Amino acid sequence: MNPIKTVVAGAFGAALLALPVTLPAAADETAPANLANACAGCHGTDGISPGPTPSINEISEEDMIALLTAFKNDEAAVTMMNRIAKGYTDAEISAIAAYFASMM
Amino acid sequence: MTQKSTRRDVLKLAGAATAATVAPTIATAQAAGGVVVIGAGFGGATAARYLRRAGVSVTLVEQNSSFSTCPFSNAVLGGINTFSSITHGFGGLRREGVNVVRGRVSTVDPDAKSITLDGGDTIAYDRLIMSPGIDFKWDAIEGYDEAAAELMPHAWKAGPQTNILRRQLEAMPDGGVVAIAPPGNPFRCPPGPYERASLIAHYLKAEKPRSKVLILDAKDSFSKQGLFQAGWAELYGDLIEWVPFSEGGNVARVDPATNTIFTDFDEHKVDVANIIPPQRSNRLVDTAGLADGGDWCPINQTTFESTIHANIHVLGDASIAGRMPKSGFSANSQAKVCAAAVAALLAGTDPASPSFINTCYSLVAPDYGISVAAIYRIIDDGTIAPVAGAGGVSPSDAPASTRALEAEYARGWYASITSDMFG
């Protein structure tokens, strides 16, 4: 059902297990909603995608942090998210993950 | 999945209830905290929808009964998509409680804090969000005016112009020449003319293989140039010819009666002439002097509030948004930041610090996608700038499987962003 979950479980699972999980840092000045709403341009409102782009609304906070960190560090073979994830600090990645998790 | 559906249903019910109580009066916009949004495109529809989600009363004024997107209009020209597939109604917005008013805005009055529609109705606002898009500089290319555009379509606003150009391509005999003349920067959708050349070439290669696409460019370089040119060489051979400014590409004059294009050095009598003229913000902004005598509207790039008039926000193509390109994705991203800022200002709180994305997919062929992306923040001088070290274009050495995946994600992007705009 959710391609991102398959990705987590499959190709990159081993790599992700080895990643240190970044703990949420002090609140960044950029509001979490401003960070997360931009994702909807490709992934749909609230991360619910109506088309072939993966939905991101049902990913746990830990998985989301691990995924975005792997994308940021070029540790996952993706077409776009490696370029996107590099635009965010670890604290912002945590804020985005917490934002989507809070809506589950 | 269950949670998601439940929440969506609740939202729908809430939206329906709100719509029933507020619709369809124009007076709603005059209630305390009322926001009026002009234009139901990528910027305006998104702003209206996200303001409703924040609980703000919104009236959205749009001159047409539906909105046709420029993104994927090149696929219509290439015969891949239908025109109806790029046309969206406003039922979703209405169900979520947006008061959609059909009308053409004739003037904006910053002192009275109201707008006037053709026919004389006025709508008052507490805050106004304008996302009116572009107009053309009809005087910039000699001979190219609104009448000429019926014969030499720009097709740079999706609508009847798109269909004129498609019909001309269909009627053209094999062996014909299609000229595309992109303008200098800045203009709406910088990679758009080159995606258009690609998808027209895709159509011609299959249906009229002795034909040619001639790009007469007012520039010496363009967006995603390396990727486009590599894709053209791979897929279309010499079917597409690009003439840059420095080699005589700049179009100085046209003669619509003979379908002739005069460049600085040469003249080209062609079968189909797609002239994309230089652009400026929609002239509606001039009724309030919002472009300050220039082409585009200066704004506070954190809140999108005009630097000329308080309580009026301008976003999307019409605005000066730092280094963000004029694109549908940019307008969608800006609209969400602007909606949050307007909601905060109405509540008397400080707007949050923004973050933006622009991701732009182009199709070189239906199964061959390329992209460029950037993340944007406010820098010290208050302008929007890309985050260093992030973003960039698709790799030049990617395999066909990556190009196919990016084409699929281009379609995914379209499905997502149009649902983000219209519900």
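Structure report, in brief. Keep in mind that this is a model prediction, so the values were computed, not measured.

1. Let's talk about the overall build of chain B
Moving on, step 1. Of regular secondary structure, chain B possesses ten helices and 23 strands.
Moving on, step 2. For chain B, the spread of C-alpha atoms along the three principal axes comes to 60 × 50 × 45 Å.
Moving on, step 3. Counting over 423 residues, chain B shows a buried share of 56%.
Moving on, step 4. Counting only contacts in chain B whose residues sit at least 6 apart along the sequence, the fraction spanning at least 24 positions is 64%.
Moving on, step 5. When the accessible surface of chain B is summed, it comes to about 16100 Å², and 51% of that surface belongs to carbon and sulfur atoms.
Moving on, step 6. Across chain B, 35 positive and 42 negative side-chain charges occur, with their mean positions spaced 8 Å apart.

2. Remarks on the interface of chain B and chain A
Moving on, step 1. Taken together, the contact pairs 46 residues of chain B with 35 residues of chain A.
Moving on, step 2. One salt bridge in this structure joins E406(B) and R83(A), with 3.4 Å as the shortest N-O distance.
Moving on, step 3. Linking chain B with chain A are 13 residue pairs in polar contact (both at pLDDT 80 or more), by the criterion used here.
Moving on, step 4. Contributions of two or more residues to the side of chain B that touches chain A are made by α1 (2-22), α2 (42-53), α9 (328-346), β20 (356-365), β21 (368-378), β23 (392-393) and α10 (400-422) of chain B.
Moving on, step 5. A total of 13 residues in the side of chain B that touches chain A trace back to one element, the largest contributor, which is α10(B).

3. Notes on the sheet that holds strand β9 (residues 127-130) of chain B
Residues and elements named next belong to chain B.
Moving on, step 1. Ordered by their spatial adjacency, five strands build an open sheet running β5-β2-β1-β9-β19, and the pairing between neighbours is parallel. Both outer strands of the open sheet, β5 (99-102) and β19 (312-314), are each paired with one neighbouring strand and no more. Between one strand axis and the next, the sheet turns by 20° as a mean value, whatever way the strands run.
Moving on, step 2. Of the pairings in the sheet, the one linking strand β1 (residues 35-38) to strand β2 (residues 58-62) comprises four bridges and is parallel in character. Within β2, the position partnered with I38 by the bridge is V61.
Moving on, step 3. Strand contacts of α2: β1, β2 and β9, with the helix running at about 165° to β2, the strand carrying the most contacts.

4. A look at the nonpolar core
Moving on, step 1. Counting residues in each nonpolar core, the largest one holds 100 residues, and the members touching the most others are L51(B), V108(B), I115(B), L128(B), I129(B), M130(B) and F304(B).
Moving on, step 2. Other than its neighbours up to four places away in sequence, L128(B) contacts V36(B), I38(B), V108(B), I115(B), N311(B), I312(B) and H313(B).

5. A short note on the packing of helix α6 (residues 160-171) of chain B against helix α7 (residues 192-207) of chain B
Two quantities define a packed helix pair, namely the angle between the axes and the distance from one axis to the other.
Residue and element names in this part refer to chain B.
Moving on, step 1. One can describe the packing of α6 onto α7 by two numbers: an axis separation of 11 Å at closest approach and a directional angle of 35°. Like other packed secondary-structure pairs, α6 and α7 cross with a definite hand, here right-handed. For the pair α6 and α7, contact is made by L165, R166, L169 and E170 and by R196, I200 and Y203, respectively.
Moving on, step 2. Per-class residue counts for the contact of α6 with α7 are four nonpolar, no polar and three charged.

Conventions and cut-offs
Residues numbered from 1 in each chain as written. Chains lettered and ligands numbered in written order. Predicted model: local features only at pLDDT ≥ 70, side-chain atom pairs only at ≥ 80, totals over all residues. Heavy atoms only, no water. Helix = DSSP H or I, 4+ residues; strand = E, 2+ residues; numbered from the N terminus. Buried < 20%, exposed > 50% of the residue type's maximum accessible area, 1.4 Å probe, protein only. Contact = heavy atoms within 4.5 Å. Areas by Shrake-Rupley, 256 points an atom, 1.4 Å probe, with all protein chains shown as cover. Lys, Arg positive; Asp, Glu negative; His and termini not counted. Charge placed at Lys NZ, Arg CZ, Asp CG, Glu CD. Salt bridge = Lys/Arg side-chain N within 4 Å of Asp/Glu carboxyl O. Polar contact = N/O pair within 3.5 Å; in protein donor to acceptor, adjacent residues only side chain to side chain. Pairing = 2+ DSSP bridges. Axes fitted to C-alpha atoms, helices over the stretch in contact; angles between N-to-C directions. Core = buried A, V, L, I, M, F, W, Y, C linked by side-chain atoms within 4.5 Å. Left-handed = near helix turned anticlockwise from the far one by under 90°. Nonpolar A, V, L, I, M, F, W, Y, C, P; charged D, E, K, R; others polar.

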